[in-house]
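# Reading the structure
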Amino acid sequence: MNKSRVLVVDDEELNLEILCEYFDSESNFSLRTACDGETAWQILLDPAESFDVILLDRMMPGLDGIGLLRRIKETPRLSDIPVILQTAADTASEIREGLEAGAYYYLTKPYRRDALFAIVHAALTDAKAHDSLRRRLNDHINSLQFLTQGDFSIRTIEEAGQLASFIAQACPDADRAVLGISELLINAVEHGNLGLSYQEKSTLKLEDNWQAEIDRRLAHPDNVGKRVRINFLRSANDITLRITDEGSGFAWQDFLEFSPERACDPNGRGIALARMMSFASIRYEGCGNIAVATISSDSPKN
């Protein structure tokens, strides 16, 4: 089994020792450490090195965590590596600064071992899903740029990924569009049709039981016939996606922006990421079971 490569950056030797003990107890990780930002940056610049996730201390002398994070996100070869920012600076403004710099995963010190691995696994799972979506883009032909209108329906998480990759090829920037489309379709399946609440998903992620619960709910007689319906419409200026599920809706207003209060949770960032990275706008209709997302037609084509 291939081990996930983790770079841990922290200027406190005791913290590094504790983290090394944590990761040494897990056989599926390979660890590299750095005691300051500049050392970490030189490691990251080495073309022979590659990492699946970076656990980064925010407050360090010299090149601090935010400075290193910005360098990582500005470097194409490194920008897709998920970064978990760990810090004792846990005010809303400080957490928001980290999120806006590109750290979509956050740990505030002190944290428990199970909280650490819940966030690490969430970051790795999200990164693998995004990479899979991008690779699927190559499976579809460029003629989809001529698609002007279409109606689709899906039932499962797997179908959400397949359809997101298909529809993204009809968009000006498929690589950016696919992530947002996938997030909205998955939300419609799991939170809409399957009725999985935010807190339930957090608990399932912490216990590593999310997939088993999704499978159980999909097989339940009450959910077998439920579909998520997607309407695609291209106009002169934009593309509109209308995604309708059969759920009872949710408080969508709370999820359009990154929330410092939820920054340490293993879930809850998908809609905000979709809005920031993929869409010109997202709004919800009805009870919150209808998502309407727009993509500008003049975005650059991949």
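As shown above, the structure is provided for reference.
My aim in this report is to walk through the structure given alongside it, one point at a time. Note that this is a predicted model, so its numbers are computed, not measured.

### Concerning the sheet that holds strand S9 (residues 281-285)
Sheet architecture is open: five strands sit in the order S6-S7-S8-S10-S9, paired in antiparallel fashion. In the strand order of this sheet, the two ends are held by strand S6 (149-154) and S9, each with one partner. Ignoring strand direction, the axes of neighbouring strands in this sheet form an average angle of 15°. In this sheet, strand S8 (residues 238-244) lies alongside strand S7 (residues 228-234) in antiparallel orientation, the contact comprising six bridges. Bridging from a neighbouring strand, Phe232 pairs with Leu241 of S8.

### A word on the packing of aromatic side chains
In this structure the tally under the stated criterion is five aromatic pairs. Each ring, one from Phe23 and one from Phe117, has its centre 5.2 Å from the other, and the planes form 70°; the classification is edge-to-face. Linking Phe23 in helix H1 (residues 13-24) with Phe117 in helix H5 (residues 113-136), this pair joins segments that are 94 residues apart in sequence. Residue classification places Phe117 among the buried positions, given a relative accessible area of 6%. One aromatic cluster in this structure is built from Phe23, Phe29 and Phe117.

### Thoughts on the nonpolar core
By size, the foremost hydrophobic cluster in this structure holds 47 residues, and its most contacted members are Phe23, Leu44, Leu55, Leu56, Leu68, Ile84 and Leu116. For this core, the element with the highest residue contribution is H5, accounting for six residues. Discounting residues that sit within four places of it in the chain, Leu116 has contacts with Leu19, Tyr22, Phe23, Leu55, Leu107 and Tyr111. Within the second largest apolar cluster, 43 residues are counted, among which are Ala170, Leu185, Val189 and Leu196.

### Comments concerning helix H7 (residues 174-193)
When the terminal C-alpha atoms of H7 are compared, their 27 Å separation across 20 residues agrees well with the 28 Å that a helix rising 1.5 Å per residue should span. In terms of burial, H7 is largely enclosed, as 17 of its 20 residues are buried. Among the residues trailing H7, Gly195 stands out with phi positive, at a value near 65°.

### Let's talk about the environment of Glu97
Counting through the fold element by element, Glu97 comes out in helix H4 (residues 92-101). In this structure Glu97 comes out as partly exposed when scored by relative accessible area, which is 29%. Once residues lying within four places of it in the same chain are set aside, the contact partners of Glu97 are Arg58, Ile66 and Arg70. Among the polar contacts made by the side chain of Glu97, one reaches the side chain of Arg58 at a distance of 2.4 Å.

### Considerations on the sheet that holds strand S4 (residues 83-87)
Whenever strands of a sheet pair, they do so through backbone hydrogen bonds, lying parallel or antiparallel. Strands sit in the order S2-S1-S3-S4-S5 across an open sheet of five strands; the sheet is parallel. A single partner strand is all that each edge strand has here, and the edge strands are strand S2 (29-34) and strand S5 (105-108). Looking at each pair of strands side by side, their axes are set apart by 20° on average, direction ignored. The pairing of S4 with S5 spans four bridges and is classified as parallel. Opposite Thr87, over in S5, you have Thr108 as the bridge partner. The strands touched by helix H3 (residues 65-73) within the sheet are strand S1 (4-9), strand S3 (53-57) and S4, with S3 carrying the most contacts at an inclination of about 155°.

### Here's the deal with the pairing of S1
Buried residues dominate S1, accounting for five of its six residues. Alignment of S1 against S2, held across six bridges, turns out to be parallel. The residue bridging Val8 from the neighbouring strand is Thr33, located in S2. With H1 bridging S1 and the parallel S2, this β-α-β connection has right-handed handedness. By the bridge criterion, four bridges tie S1 to S3 in an arrangement that is parallel.

### Observations concerning the pattern of salt bridges
Opposite charge on two side chains lets them pair, provided their charged atoms get close. One pass over the structure, following the stated rule, counts 16 salt bridges. For Glu213, the salt bridge is made with Arg217, and the minimal N-O distance between the two is 2.6 Å. Pair noted here: Glu213 and Arg217 are both in helix H9 (residues 210-219), with a separation of four residues, about one helical turn. A relative accessible area of 15% places Glu213 in the buried class. Through salt bridges with shared partners, a single ionic network connects Glu200, Glu213, Arg216 and Arg217.

Cut-off values and rules
- Residues numbered from 1 in each chain as written.
- Predicted model: local features only at pLDDT ≥ 70, side-chain atom pairs only at ≥ 80, totals over all residues.
- Heavy atoms only, no water.
- Pairing = 2+ DSSP bridges.
- Helix = DSSP H or I, 4+ residues; strand = E, 2+ residues; numbered from the N terminus.
- Axes fitted to C-alpha atoms, helices over the stretch in contact; angles between N-to-C directions.
- Phe/Tyr/Trp six-rings, centres within 6.5 Å; stacked < 30°, edge-to-face > 60°.
- Buried < 20%, exposed > 50% of the residue type's maximum accessible area, 1.4 Å probe, protein only.
- Core = buried A, V, L, I, M, F, W, Y, C linked by side-chain atoms within 4.5 Å.
- Contact = heavy atoms within 4.5 Å.
- Expected span 1.5 Å × (residues − 1).
- Polar contact = N/O pair within 3.5 Å; in protein donor to acceptor, adjacent residues only side chain to side chain.
- Right-handed = clockwise from strand over helix to strand, strands pointing away.
- Salt bridge = Lys/Arg side-chain N within 4 Å of Asp/Glu carboxyl O.

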